[in-house]
Amino acid sequence: MKLSIKEKLHLQKKDWFLIALILFVAGLAFFLHEFIGGKGAGCVTVKVEGEIQGVYSLSEDREIEINGGTNTLKIRNGIADMTKADCPDKLCVNQKAVSKNGESIICLPNKVVVTVDSSENSEFDAVAQ
């Protein structure tokens, strides 16, 4: 005589309800963390000549003058972008905007480094050669 799974486990209606409730709460917690808590939590650190000049939240839109106005960093919609620089090559202005953990914008002539610290990881997690 074969026993069904229900008979083997001896689970009652209350047990199934408890299992469903636990799964629902776990799913809700995951949803809240991923879609509400994980966004907007990052910040950018601005360094000039290796010294921290400021730490700014990515969740607050602003324009920051760096190094006495040699560079301008714009933070908008959770993304940081170097919009102005008085260096000759303007490589920092032409770099893509940053918003994910570990990404940076570097202006070598003005010795400015902007680095992101965020819970959202970059799509690149290794160095390509």
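Everything discussed here concerns the structure shown above.
Scoring rules and cut-offs
Residues numbered from 1 in each chain as written. Predicted model: local features only at pLDDT ≥ 70, side-chain atom pairs only at ≥ 80, totals over all residues. Heavy atoms only, no water. Helix = DSSP H or I, 4+ residues; strand = E, 2+ residues; numbered from the N terminus. Buried < 20%, exposed > 50% of the residue type's maximum accessible area, 1.4 Å probe, protein only. Contact = heavy atoms within 4.5 Å. Pairing = 2+ DSSP bridges. Axes fitted to C-alpha atoms, helices over the stretch in contact; angles between N-to-C directions.

1. Concerning the side chain of T45
Then, in step 1: Mapped onto the elements, T45 comes out in strand β1 (residues 43–48).
Then, in step 2: Residue T45 is classed as buried on the basis of its relative accessible area of 17%.
Then, in step 3: Those residues in contact with T45, other than ones at most four positions away along the chain, are I52, G54, V55, V113, V114 and T115.

2. Description of the pairing of strand β4 (residues 71–76)
Then, in step 1: As defined by bridge partners, strand β3 (residues 62–66) adjoins β4 across five bridges and the pair is classed as antiparallel. Bridging across to β4, I66 finds its partner in N71.
Then, in step 2: With antiparallel pairing between neighbouring strands as the criterion, β3 and β4 make up a hairpin whose turn holds four residues, including N67 at a positive phi of roughly 60°.
Then, in step 3: Pairing of β4 with strand β5 (residues 79–85), which is carried by six bridges, proceeds in the antiparallel orientation. Residue T72 lies in a different strand from β5, and its bridge partner there is K84.
Then, in step 4: The antiparallel hairpin formed by β4 and β5 contains two residues in its connecting segment, where N77 sits at a positive phi of about 55°.

3. Some thoughts on the sheet that holds strand β6 (residues 104–107)
Then, in step 1: Strand order in this open sheet of four strands is β2-β1-β7-β6, and the pairing throughout is antiparallel. In the strand order of this sheet, the two ends are held by β2 (51–57) and β6, each with one partner. In this sheet, neighbouring strand axes are inclined to one another by 15° on average, regardless of whether the strands run parallel or antiparallel.
Then, in step 2: Sheet topology places β6 next to strand β7 (residues 112–117); four bridges connect them, and they run antiparallel. In the strand pairing of β7, I106 is matched with V113.

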